[in-house]
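Survey of secondary and tertiary structure
Below are the chains, spelled out letter by letter.
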Amino acid sequence: MLKVMHSVANSATPTSQWEDLNQIAAPSSIQWENIKTQLDLVLLALETLTGIGSEAMLSAAINLNLESKVPDRVALWRLRQSNPLRKGQGGRKKLDIEEARSLVLIICYLAKQHQELIRRAVGLLEQMAATNREPHQTALLGDYIDAFCNTYQERMEEDEHISTDLLTKLALKLLVDLLFYSASGGHRRLWLALIDRATKQF
């Protein structure tokens, strides 16, 4: 997998990336609930792997000229609270298509910044698979899996069907996804993946 991921980082401007996403047909209303969930989960994977927080996300918004869409911590929190799996009702709001596109660009910008770490983590995952060892036996993957599972359980509504094993599989799936989102054209990959997976179980 890593052999095909050595393309140069995306040099497209934020404006051209926004136009790229505008050219892709908007998702139907039926798909929105899953799209909101997926965006929040990708961000969850990114923050638990890299340790970034809301400040890094807001800084990315400024660098991408998206501060009008994501102006402050409260706005960012409300956007993430639009995920229907989230605990609490107070901050939940409708996520419109421009806000969703903004989060896509922010995710890919940050993934690109942390591409070396993401690549290293996926490389370790491949090594573990090749030697039939469990991912958590490595410090990097073990810490990521623990952080992802713990943060998911803190933030999301209780679901008796979500076991630690399922959360681990979700965390590792999102890790591999992040590698592709960190590469050239990652914003298009993520947006198309959101639309494609919107009606599927994750």
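Just so it is clear, the structure is predicted and the values come from calculations on it, not from any experiment.

Assigned secondary structure in the chain consists of 9 helices and 0 strands. Scanning the chain from its N terminus toward the C terminus, one meets helices and strands in the order α-α-α-α-α-α-α-α-α. For the chain, buried positions account for 50% of its 202 residues.

In terms of nonpolar packing, the biggest core is built from 61 residues, with Leu39, Ile106, Ile118, Tyr144, Phe148 and Leu175 touching the most fellow members. Not counting the four nearest positions on each side in its chain, Ile106 is found in contact with Met57, Ala60, Ala61, Leu64, Leu66 and Val70.

Bringing unusual backbone geometry into the picture now. One non-glycine residue, Asn65, adopts positive backbone phi at about 60°. Notably, Asn132 is not glycine yet its phi reads approximately 55°, a positive angle. Its location among the elements puts Asn132 in the loop between α6 (115-130) and α7 (139-155).

Time to look at the packing of aromatic side chains. Within a pair of aromatic rings, the relevant descriptors are the distance that separates the centres and the angle that separates the planes. Enumeration over the complete set of coordinates arrives at 2 aromatic pairs. Look at Tyr144 and Phe148: their rings are 6.2 Å apart centre to centre, the planes differ by 55°, and that puts the pair in the tilted class. Of this pair, Tyr144 and Phe148 both sit in helix α7, separated by 4 residues, roughly a single helical turn. The pair formed by Tyr144 and Phe148 is uniform in burial state, with each residue classed as buried. Through a chain of ring-to-ring contacts, the aromatic side chains of Tyr144, Phe148 and Tyr152 assemble into a single cluster.

Turning our eyes to something else, we now look at the environment of Ala147. Tracing the chain through its elements places Ala147 in helix α7. For the pair Ala147 and Leu44, spaced 103 residues apart in the sequence, the C-alpha separation amounts to 9.5 Å.

Attention now goes to the side chain of Ser82. Note that Ser82 resides in the loop between α4 (73-81) and α5 (97-113). A polar atom in the side chain of Ser82 sits 2.5 Å from the backbone oxygen of Leu79.

Moving on: the confidence of the model for the chain. Taken as a whole, the chain shows an average pLDDT of 85; of its residues, 83% reach a score of 70 or greater. Taken together, the stretch residues 2-11 has pLDDT below 50 and engages in 20 contacts with residues farther than four places along the chain or on a different chain.

What the rule picks out here adds up to 8 salt bridges. Between Asp40 and Arg86 there is a salt bridge; the shortest N-O distance is 2.8 Å. Of this pair, Asp40 sits in helix α2 (residues 32-50) while Arg86 sits in the loop between α4 and α5, and the two are 46 residues apart along the sequence. Assigned by exposure class, Asp40 and Arg86 land together as buried. Lys173 is the partner of Asp177 in a salt bridge, and the nearest nitrogen-oxygen pair spans 3.1 Å. A residue pair is termed a helical-turn pair when its members lie 3 or 4 positions apart in one helix, as Asp177 and Lys173 do in helix α8 (residues 164-181) at 4 residues.

A rise of 1.5 Å per residue sets the reference length of helix α9 (residues 186-197), with its 12 residues, at 16 Å; its end C-alpha atoms lie 16 Å apart and thus fit the reference within 8%. Those residues of α9 not exposed but buried are Gly186, His187, Leu190, Trp191, Ala193, Leu194 and Ile195.

Cut-off values and rules
Residues numbered from 1 in each chain as written. Predicted model: local features only at pLDDT ≥ 70, side-chain atom pairs only at ≥ 80, totals over all residues. Heavy atoms only, no water. Helix = DSSP H or I, 4+ residues; strand = E, 2+ residues; numbered from the N terminus. Buried < 20%, exposed > 50% of the residue type's maximum accessible area, 1.4 Å probe, protein only. Core = buried A, V, L, I, M, F, W, Y, C linked by side-chain atoms within 4.5 Å. Contact = heavy atoms within 4.5 Å. Phe/Tyr/Trp six-rings, centres within 6.5 Å; stacked < 30°, edge-to-face > 60°. Polar contact = N/O pair within 3.5 Å; in protein donor to acceptor, adjacent residues only side chain to side chain. pLDDT = per-residue confidence, 0-100. Salt bridge = Lys/Arg side-chain N within 4 Å of Asp/Glu carboxyl O. Expected span 1.5 Å × (residues − 1).

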